[in-house]
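Each chain, letter by letter, is given below.
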Amino acid sequence: MSGPIGLDGFNSWYEGQEEIFSKLIEWYYGPKRFCGASIPTGSGKSVLAMALAKSLGGRSVILTATKGLQEQMMSDFSMSGLVNIKGMANYECMVEEVMVDKGPCHDLSTIERYVCDHRNAGLNQCHYYKAKDTAMKSNLVTTNYAYYMAMANLADGFGKSDLLIMDEGHQVFQTFESYLTTNIPVSELPKPLPINKPWSYVRDWAVEARHMVGGRVDNLVFQINSSRPGVQKRILNAGLERLRRYYADLGYMEESKWAWSVEVADSRLRATPLWPQEHAYRLVYKDTPKVMIMSAVLTKKTMNLLGVEDDQMEFIEAGSTYDPLNTRIRHIYTTRLTHKTPPEETLKIARRVDEIVAAHPNQKGIVFTVSYKRRDFLLRHCDTSRFMTHESDTVTSQVEKFRDTADGVLLSPVITTGWDFPGSDCEFIVIVKIPFIDTRSAVVRERGKDDNEWMPFQAMQTLIQSAGRGTRSKGDTCDVYVLDDNWGWFWKRYKKFAPDWFAERVRGSFAKLPA
């Protein structure tokens, strides 16, 4: 049964929620198409999103960053009418022991003659097509960005919506970039390749390359139409599928006003848009009349990077209901870290980490190392026996082992977002270095040249996410230590990229650990 806020299982507003909800309603019926909602952890972003969608009566689609977050949404709100749709690879075929994307109705060698009774609209028993049909008819739908963009741009669309809600807004720039980045074998492309060339040259080359790939698509279609069903036809259809994707990818390059970064590695050309937001309207926003983008760390800069200018949006920044003293962020003078810092100076970091770990007996903590290289340095030079760590392929298993310890200290360069460590799971955090983005990538360097605040902005976002891993509810307490002496100028210059609730937690710089 629905509670006063219109959602089953939610009988009252959290502290401060009703005020935020009123502002969201005011935005929805106002003139601005976009809303940026900066809603910190503990304020119930998901509840607010669902309450808004449910109260409006039209069709609302809620996008999440991962399938795991979709499942969390369904766990909380399926009783309120929310339905879920994912890609074919997540549903079992009813004909063969494979997932739907590998089923006989998608067998490229037999697709012309195989008709699946379970797929027919009349029966609609196929798990995937049933879920898809339900989602297309529903007024409350959640899916992930990857599926939504694929459906909206490569398949038969996702239907009209009155409201699009985009969760984890701080990750959407990377989502756009990932979707648009093309990776094509150089053997499929005209020579010479446009390496280290001005954008006008690259765009003209993309026009030529797309024309060339388009010709190959036409030739392959002719061959397929002339072939009998079987293995050869399956191979030809698989090749056609790849070429059509290349053709679409090159189309984005051809239509771009802003430059792309082009690199070649392992005999493949990788092209990445410097500023993917110019394609945001085509990829996601489309003709949806109202779009809300939300995140705990959303800023106006985030919205600008998603193609939304200040005069196009209402920006709502909610305060945190958590006591800022429960997450005290302190810079402890140690040393300034750069790629040029000598080993004898870096050793000061190891000694300081030892000191902090010793100051927190019988408590679990996380040390964010930024890179595996710095992780390895600390493993070699710190004296504590409480360390745990992981490799890139053992993150999940090692995190679970860490949760089961009484006083473990987890060294990690990667769990800065998407992981929660509530209560005693994490009571202190050490941020070894200001997490500036790796500049070895050409696209990162070129973005830095275009916008000298882009890299500091990304560093601040990662810093905020890292510092918040241990404070997931109102009663959580977690001390946060920043050891990199670059903090002084970085915080002074770029605290404008931090939400007010984060700034309230910053205690200042200290020569030694507080007692």
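Anything mentioned here points back to the structure above.
Small disclaimer: the values here were computed from a predicted structure and weren't measured. (Residues numbered from 1 in each chain as written. Predicted model: local features only at pLDDT ≥ 70, side-chain atom pairs only at ≥ 80, totals over all residues. Heavy atoms only, no water.)

(A) Inspection of the sheet that holds strand β8 (residues 268-273) at higher detail. Pairing is antiparallel across the open sheet formed by three strands, whose spatial order is β6-β8-β7. This sheet does not close on itself; its edge strands, each paired only once, are β6 (182-185) and β7 (260-265). Going from strand to strand, the sheet's axes swing by 20° on average, the running direction of each strand aside. In the sheet, β7 pairs with β8 via six bridges, with the strands oriented antiparallel. Across the sheet, S261 pairs through a bridge with T272, a residue of β8. (Pairing = 2+ DSSP bridges. Helix = DSSP H or I, 4+ residues; strand = E, 2+ residues; numbered from the N terminus. Axes fitted to C-alpha atoms, helices over the stretch in contact; angles between N-to-C directions.)

(B) Here's a closer look at the packing of helix α11 (residues 343-358) against helix α12 (residues 372-381). Contact geometry for α11 and α12: axes closest at 10 Å, N-to-C directions at 70°. It follows from the interaxial angle that α11 and α12 lie roughly perpendicular. Crossing of α11 against α12: the hand is right-handed. Residues P343, T346, L347, I349, A350, R351, V353 and D354 of α11 touch α12, and the partners they reach there are R374, F377, L378 and H381. (Parallel < 35°, antiparallel > 145°, perpendicular 65-115°, else oblique. Left-handed = near helix turned anticlockwise from the far one by under 90°. Contact = heavy atoms within 4.5 Å.)

(C) Spatial organisation of the pattern of salt bridges. Applying the stated criterion across every chain yields a total of 28 salt bridges. Residues K160 and D287 are paired through a salt bridge, measuring 2.3 Å at the closest nitrogen-oxygen approach. Here the residue K160 occupies a position in the loop between α5 (145-154) and β5 (163-166), and D287 occupies one in the loop between α9 (280-285) and β9 (290-295), the gap between them amounting to 127 residues. For K160, a relative accessible area of 61% corresponds to the exposed category. Here R352 ties to E355 by a salt bridge, and the two come within 3.0 Å at their closest N and O atoms. Here E355 and R352 lie together in helix α11, a separation of three residues that amounts to about one turn. The buried category is assigned to R352, whose relative accessible area is 13%. Each member of the salt-bridge network shares a partner with another, and the members are K364, E400, R403 and D425. (Salt bridge = Lys/Arg side-chain N within 4 Å of Asp/Glu carboxyl O. Buried < 20%, exposed > 50% of the residue type's maximum accessible area, 1.4 Å probe, protein only.)

(D) Main features of the environment of R386. Relative to the helices and strands, R386 resides in the loop between α12 and β13 (387-388). Given a relative accessible area of 15%, R386 falls into the buried group. Sequence-distant contacts of R386, that is, excluding residues within four places in its chain, are made with V357, H360, P361, N362, Q363, D407, G408, V409 and F428. A polar contact is formed between the side chain of R386 and the backbone oxygen of V357, at a distance of 3.0 Å. Engagement of the side chain of R386 in a polar contact is seen with the backbone oxygen of D407, the distance being 2.8 Å. (Polar contact = N/O pair within 3.5 Å; in protein donor to acceptor, adjacent residues only side chain to side chain.)

(E) Structural context of the sheet that holds strand β15 (residues 428-431). Strand order in the open sheet formed by seven strands is β13-β14-β12-β15-β16-β11-β17, and the pairing between neighbours is parallel. The open sheet has two edge strands with one neighbour each: β13 and β17 (506-510). Of the strand pairs in this sheet, strand β11 (residues 329-335) and β17 are connected by four bridges, and their pairing is parallel. Paired with I332 across the strands is F510, a residue of β17. Packing of α11 onto the sheet brings it into contact with β11, β12 (365-368), β13, β14 (409-412), β15 and β16 (479-484), and relative to β11 it is tilted by some 140°. Across the sheet, α12 is in contact with β12, β13 and β14; its angle to β14 comes to roughly 140°.

(F) Geometry of the nonpolar core. Of all hydrophobic cores here, the largest spans 101 residues; its most connected members are M166, F176, V284 and Y285. Of all the elements, helix α7 (residues 199-225) adds the most residues to this core, at nine residues. Dropping the residues within four chain positions of it, V284 is found in contact with L63, Y148, M149, L164, M166 and F176. One finds L7, L48, A53 and M74 within the second-largest nonpolar core, a separate group that totals 30 residues. (Core = buried A, V, L, I, M, F, W, Y, C linked by side-chain atoms within 4.5 Å.)

(G) Structural context of unusual backbone geometry. Along the chain, K191 connects to P192 via a cis peptide bond; the corresponding omega equals -5°. Note that P192 resides in the loop between β6 and α7.

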